[in-house]
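Overview (structure and organization)
In case you want the letters, here they are:
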Protein chains: 2
Amino acid sequence: VKKSLVREFRKILGAQRCLDAPEDLYAYSHDCYARGKPELVLIPRTTQEVSAILRIAHREGVPVTPRGGGSSLCGATTPIRGGIVLATNQMDKILEVSQEDRLAVVEPGVVTLRLHQAVEAVGLFYPPDPASYAMSLIGGNVATNAGGPRCLKYGVTRDYLLGLEVVLADGEVLQTGSRAVKDVTGYDLTRLFCGSEGTLGVITRITVRLIPKPETKRTILTSLRTVEEASQMVSRIIGAGILPTTLEFMDQAYLQTVEELMHLGLPVEAGAMLLIEVDGFEEAVERQAGIVERFCKEHGALDVAVARTPQESDQLWKGRRMGTVALMRAAKLMISHDATVPASSIPELVAHTHEVALQADLKVVIIGHAGDGNMHPIFLLDPSRQGEMERFDKASRELFRFTVEKGGTLSGEHGIGLEKNPYLHLQVNEIGMRTMRAIKKALDPKGILNPGKFV
Amino acid sequence: VKKSLVREFRKILGAQRCLDAPEDLYAYSHDCYARGKPELVLIPRTTQEVSAILRIAHREGVPVTPRGGGSSLCGATTPIRGGIVLATNQMDKILEVSQEDRLAVVEPGVVTLRLHQAVEAVGLFYPPDPASYAMSLIGGNVATNAGGPRCLKYGVTRDYLLGLEVVLADGEVLQTGSRAVKDVTGYDLTRLFCGSEGTLGVITRITVRLIPKPETKRTILTSLRTVEEASQMVSRIIGAGILPTTLEFMDQAYLQTVEELMHLGLPVEAGAMLLIEVDGFEEAVERQAGIVERFCKEHGALDVAVARTPQESDQLWKGRRMGTVALMRAAKLMISHDATVPASSIPELVAHTHEVALQADLKVVIIGHAGDGNMHPIFLLDPSRQGEMERFDKASRELFRFTVEKGGTLSGEHGIGLEKNPYLHLQVNEIGMRTMRAIKKALDPKGILNPGKFV
């Protein structure tokens, strides 16, 4: 980025929002996976400013990496070709929450949690709840099609988008969708940008649909002797017509490792623990919780507890919520995959993951969203150990190969980013890559947007 | 299409599935909106055959219009540049219904109703239910992102797609998605093809996700004094946290016209009738029906009836189901729009539609899916009347302009096709059209797929 360009950007944004001091560049250089080396950080506040930035970047062929909350787990927002980091965190207005039309219009820099709170205050509900919701930005959620525990019942970010405003690579401003819940007018550009990880445009405004807030919920925690029994329990519950909001899985390695660190009283002898939430109308929720409890008792669960209040529920979530934080602190490096398989392949995936880790001399614990087959093998790594990262890469490749063989996917919700780019071809064949490249080229012919990702 | 080409296609498909007799061309020339003039009808049975057809068509630059059940209401599958109609109706196998993985894999020629029946037989549920489900093909449903009454609660066809096999314009075979419920690996090509009306590729295999079949339902029929009261009732119901499966609206003009034709005992003095269905667990459904019934009684409904058995429910649906059939028989030409607006704009849209029709000297009755603002003004036309079609076009343009002004869309579920192509620019501005054209060009550079549509 030439000095003259920096001056041009300063004229548009002012010196406060056009940063090139080393400490600023450092602060915006990374997400939760990797670090890059941006040359300039630009912090626009309006669509017009984003448009002006992209016009110049396009003219000069300067790379632009859009950035949300920086909570990507796969390096989706890491700038790997220098250039500009375009930070959206100051475009943070909730522009509208409409009870009547059951929608919200927000800027990309709104923290996901703020959106949850704003809509729940008027009796509405925005379901997607990525684990990072207290720091992730809604624009990043859209760019990565974020998921979360509640997605089993309610679907992912994609399923709540009505329309987007997107600044294209050349600075032109595109409007997609509308405020209508059903809209089949033209190609589904809304969902093309969703999950494209900033490689096709910069999202500057988002219209999301909302649903009525569920009346109540129950949380059920149960431990089972084996992973197979846990998997059978998942099938049994859904087979009974119950679609839980959340169906979290924790394996024995996770329980034992967390218990050692935290002393929470977790059942270390169990093969797996399931955390199940059902929500909806009081009567239906009570019956569903009753059915789940009965299934657990009838089919050999080691224990089962039902929470009926938010306080009791928090208690049951402790092992799941505090555990991952504890692991993050305990491990020198923690990398969580999110390979997703059809539900029937979960036991095989869990067994295969442990086998692969054992052979590679790696420590792994497994949690996951069992209802939708979205598992999170968490590798607890020590990069200072001889050959550790090479063995991790090899193990990862084998696990990705396995999930694709089972009809699954490399990534259920974290995205591709830097981390899984080398493995993309395992799932997307040459025709698929060609099609993706054709679309990228059609929308960003100079390849300035988040270069080095996807294609 | 040259004679030599016909011979080439005959070699691939045999004479039985390569048709050029006038009566065959006629049979495949139209959908429910318009008629075209194909030169050749090809009926492949395998992906390989589709691929071979497209390779040749691509080489020769011959137009190919993919065709499903021919039930499009907007001319989406009408061949307007001659060439080939590629009929998918003999690719009609249900390849798999997996209870464990809660998914089905089907060929595009499966009738929607057959899919409903096949999955419900094992306790699962495929929600999208376009009115034409007894004749529409699932491939056409995907190509048009079909909706239906149940979509208020359950979402549209797009929301149930896990993956597609698509033959691209040049005959290459693309696989999108996977068998996993959550999948963020690469651009969302699945949803790019969904709703693209056959302009980007020919869908040859579809993997849909399924959900547990709801335990029971209640049907509630109520008539209200005015459209405003009906609209308030819709807001009140959803405001109480109830998301009905279905929330059908019929206006006074509809009730009076159908009553005159059918003598069903419809409440002709009512300003609007609402048909409401709630489904789920017995206890919750019973309470929700009770709340709706109480709302109706407390807020001035002229009458309210609740059906608790399938037979009683069928009785309540009579006015809605038989009415549209009666209208179709009574009118010389019936054209149904599907303009969709945010929920709060429904009363204005209904009032404005009648005003515009009155000024244009046209007969219109209105039904619609009120919960999601997807209204169906049904114009009962007589093309032999002086200037009728010109006045209809003018009225349509004004209604499309109005829905877009209200933040809505030209089409909630029928699609664009021939009918709304002239109005597309009212919603999609020049940047939007440019983006759509760029994508079309990237995937179908010679423009052979369903030419003359969309872009």
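See above for the structure.
These numbers were taken from a predicted model, which means no experiment stands behind them.

1. Let's talk about the relation of the copies chain B and chain A
Mapping chain B onto chain A leaves a residual RMSD of 0.0 Å; the transformation is a rotation of 180 degrees accompanied by 0.0 Å of translation along its axis. These values place the two chain copies in the arrangement generated by a two-fold rotation axis.

2. A few points about the interface of chain B and chain A
Between chain B and chain A, the contact holds 83 residues from the first and 84 residues from the second. Per-residue buried area on chain B facing chain A is highest for Lys182, Val184 and Tyr187 of chain B; these three make up 15% of the total on that side. Counting across the chain B and chain A interface gives twelve salt bridges. Put simply, chain B and chain A have 32 residue pairs in polar contact (both at pLDDT 80 or more) between them. At the level of elements, α6 (151-154), β9 (173-177), α7 (189-193), α8 (227-239), α10 (282-298), α14 (424-427) and α15 (430-443) of chain B are the ones that each hand at least two residues to the side of chain B that touches chain A. The element contributing the most residues to the side of chain B that touches chain A is α15 of chain B, with ten residues.

3. Some details on the pairing of strand β6 (residues 103-106) of chain B
Note on strand geometry: in a regular strand, side chains alternate between the two faces of the sheet. Residues and elements named next belong to chain B. Judged by which residues are buried, β6 turns out to be covered on both faces: Leu103 and Val105 on one side and Ala104 and Val106 on the other are all buried. Two elements, strand β5 (residues 94-98) and β6, share four bridges in a ladder whose sense is antiparallel. Across the sheet, Ile94 pairs through a bridge with Val106, a residue of β6. Hairpin connection of β5 to β6: four residues between the antiparallel strands, including Arg102 at a positive phi of 50 degrees.

4. Focus on the sheet that holds strand β17 (residues 363-369) of chain B
Backbone-to-backbone hydrogen bonds pair the strands of a sheet. The strands run either parallel or antiparallel. Residue and element names in this part refer to chain B. Spatially, the seven strands line up as an open sheet ordered β15-β12-β14-β13-β17-β18-β16, and their pairing is antiparallel. Where the open sheet ends on each side, the last strands, each with one partner, are β15 (303-307) and β16 (333-336). With strand direction ignored, the average angle separating the axes of adjacent strands in the sheet is 15 degrees. For strand β13 (residues 246-251) and β17, the ladder comprises three bridges, and the chain directions are antiparallel. Note on β17: the bridge partner recorded for Met250 is Ile367. On the sheet, α8 packs against β12 (216-224), β13 and β14 (272-280) and is oriented at approximately 15 degrees with respect to β14. Contacting β13, β17 and β18 (374-381), helix α12 (residues 346-359) crosses the sheet at an angle of about 160 degrees to β17.

5. Section: the sheet that holds strand β1 (residues 18-19) of chain A
Residues and elements named next belong to chain A. The strand order across the open sheet built from four strands is β1-β2-β4-β3, with neighbouring strands paired in mixed fashion. The sheet is open, and its two borders are formed by β1 and β3 (64-67), each paired with just one other strand. As paired strands, strand β2 (residues 40-42) and strand β4 (residues 84-87) are joined by three bridges and run parallel to one another. Across the sheet, residue Val41 finds its bridge partner in β4, namely Val85. Packing of helix α1 (residues 3-13) onto the sheet brings it into contact with β1, β2 and β4, and relative to β2 it is tilted by some 20 degrees. The strands that helix α3 (residues 47-60) touches are β2, β3 and β4; relative to β4, the one it contacts most, it runs at about 165 degrees.

6. Remarks on the packing of helix α12 (residues 346-359) of chain A against helix α13 (residues 388-405) of chain A
Residue and element names in this part refer to chain A. Between α12 and α13, whose axes approach to 10 Å, the crossing angle comes to 160 degrees. When the axes of α12 and α13 are compared, the pair comes out roughly antiparallel. Relative to α13, the crossing made by α12 is right-handed. On the side of α12, the interface is formed by Glu348, Leu349, His352, Thr353 and Val356, while α13 contributes Ala395, Glu398, Leu399, Phe402 and Thr403. For the contact of α12 with α13, a count of residues per class yields five nonpolar, three polar and two charged.

7. Here's the deal with helix α4 (residues 112-120) of chain B
Spacing of three or four residues puts side chains on the same side of an α-helix, whose turn is 3.6 residues. All names here are of chain B. If you check which residues of α4 are buried, you get Thr112, Leu115, His116 and Val119. Along α4, the residues classed as buried sweep out an arc of 105 degrees about the axis, all on the same side. Buried residues along α4 sit against β5, β6, β7 (124-125), α5 (138-144) and β10 (202-209).

8. Some words on the environment of Ser4 of chain A
All names here are of chain A. Within the fold, Ser4 resides in helix α1. Exposure remark for Ser4: the relative accessible area of 37% places this residue in the partly exposed category. Sequence separation between Ser4 and Asp170 is 166 residues; the distance between their C-alpha atoms is 20 Å.

9. Describing the pairing of β17 of chain B
Residue and element names in this part refer to chain B. The buried count for β17 comes to six of seven residues, which makes it a mostly enclosed element. Bridging between β17 and β18 involves seven bridges; their strand directions are antiparallel. Among the inter-strand pairings, Val365 is bridged to a residue of β18, identified as Ile378. The turn linking β17 back onto β18 is made up of four residues, and Gly373 within it adopts a positive phi angle of 70 degrees.

How each quantity is defined
Residues numbered from 1 in each chain as written. Chains lettered and ligands numbered in written order. Predicted model: local features only at pLDDT ≥ 70, side-chain atom pairs only at ≥ 80, totals over all residues. Heavy atoms only, no water. Least-squares fit on C-alpha atoms with pLDDT ≥ 70 in both. Contact = heavy atoms within 4.5 Å. Buried area = accessible area lost by both parts, 1.4 Å probe. Salt bridge = Lys/Arg side-chain N within 4 Å of Asp/Glu carboxyl O. Polar contact = N/O pair within 3.5 Å; in protein donor to acceptor, adjacent residues only side chain to side chain. Helix = DSSP H or I, 4+ residues; strand = E, 2+ residues; numbered from the N terminus. Buried < 20%, exposed > 50% of the residue type's maximum accessible area, 1.4 Å probe, protein only. Pairing = 2+ DSSP bridges. Axes fitted to C-alpha atoms, helices over the stretch in contact; angles between N-to-C directions. Parallel < 35°, antiparallel > 145°, perpendicular 65-115°, else oblique. Left-handed = near helix turned anticlockwise from the far one by under 90°. Nonpolar A, V, L, I, M, F, W, Y, C, P; charged D, E, K, R; others polar. Arc of directions from axis to C-beta.

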